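# Chain and residue survey
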Amino acid sequence: MSDAKLPLIHKAPVEGLTVHVARTGISIGDAAWLDRLSDGRIGVYARVRQPFLGLIPRLRPALLGHLGPLAEEIVAPSLAHGDPLRVRIIDLMPEHLSNGFPPEVYISVWGDPRHLQPILQAVLPEPDPEPAPRGPVPTPRLA
């Protein structure tokens, strides 16, 4: 058994942001962690800046948002087995730089891949039972 961590998710968006990204003080490279929410989804938490009385700086844990369904499917087995995961914020776009679009936060997740399950393959459209005839199409003759 190895203690080396391998990338489980290279880049996953945090959906349903519950914080104002520009005011949290989070930056690229900050640590985060994952935990189950009361509704069963996987929440993304980080230590954010919340000043006391507007003057005294302090960091408090806060829910940033939740993972999407595909990222949740990848991470859920490792989280259920209690594997240690390394979660980092790897990209973000705060409100004042998003140019009218919603703010974005992306994370990466590293851990032991032994509990990974194969991802369900996308459903591909079935091929036509009879392929179209090749060659020139006959034209009807007028008599």
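### Re the pattern of salt bridges
As enumerated under the stated definition, the model contains 3 salt bridges in all. A salt bridge links Arg36 to Glu72, with the nearest nitrogen and oxygen atoms 3.7 Å apart. Note that Arg36 is positioned in strand S2 (residues 31–36) and Glu72 in helix H2 (residues 69–80), a separation of 36 residues in sequence. A relative accessible area of 39% places Arg36 in the partly exposed class.

### Comments concerning the confidence of the model for the protein
Close inspection of predicted coordinates is inappropriate in any region flagged by low pLDDT. In the predicted model, the protein carries a mean pLDDT of 84, and the fraction of residues at 70 or more is 82%. When pLDDT is averaged over each helix and strand of the protein, the minimum, 88, is found for helix H1 (residues 21–24) and the maximum, 95, for S2. Within the model, the stretch residues 120–124 combines pLDDT values under 50 with 1 contact to residues more than four positions away or in other chains.

### Quick word on the side chain of His66
Turning to its location among the elements, His66 is positioned in strand S4 (residues 59–67). One polar contact links His66 to Arg41, side chain to side chain, over a distance of 3.1 Å. Ignoring anything within four residues of it in the chain, the contact list for His66 reads Pro13, Val14, Glu15, Gly16, Leu37, Arg41, Ile42, Gly43 and Val44.

### A short note on the packing of aromatic side chains
This structure, assessed with the given rule, holds 1 aromatic pair. Their ring planes at 10° and their centres at 6.1 Å tell us that Trp33 and Tyr45 sit as a pair that is stacked. Of this pair, Trp33 sits in strand S2 while Tyr45 sits in strand S3 (residues 42–49), placing them 12 residues apart in sequence. In this arrangement the basic side chain of Lys11 is found over the ring face of Tyr106, its NZ or CZ atom lying 4.7 Å from the centre.

### Concerning the sheet that holds S3
Strand order around the closed barrel formed by 6 strands is S1-S4-S3-S2-S5-S6, with antiparallel pairing between neighbours. Between one strand axis and the next, the sheet turns through 45° on average, direction left out of account. Note that strand S5 (residues 86–93) and strand S6 (residues 104–111) share 7 bridges and pair antiparallel. Its bridge partner being in S6, Leu92 is matched across the sheet by Val105.

### A closer look at the environment of Met93
You can see Met93 is positioned in strand S5. Its relative accessible area of 31% is what places Met93 among the partly exposed residues. Those residues in contact with Met93 that lie beyond four places of it in its chain are Ser98, Pro103 and Glu104.

Calculation rules
- Residues numbered from 1 in each chain as written.
- Predicted model: local features only at pLDDT ≥ 70, side-chain atom pairs only at ≥ 80, totals over all residues.
- Heavy atoms only, no water.
- Salt bridge = Lys/Arg side-chain N within 4 Å of Asp/Glu carboxyl O.
- Helix = DSSP H or I, 4+ residues; strand = E, 2+ residues; numbered from the N terminus.
- Buried < 20%, exposed > 50% of the residue type's maximum accessible area, 1.4 Å probe, protein only.
- pLDDT = per-residue confidence, 0-100.
- Contact = heavy atoms within 4.5 Å.
- Polar contact = N/O pair within 3.5 Å; in protein donor to acceptor, adjacent residues only side chain to side chain.
- Phe/Tyr/Trp six-rings, centres within 6.5 Å; stacked < 30°, edge-to-face > 60°.
- Lys NZ or Arg CZ within 6 Å of the ring centre and 35° of its normal.
- Pairing = 2+ DSSP bridges.
- Axes fitted to C-alpha atoms, helices over the stretch in contact; angles between N-to-C directions.

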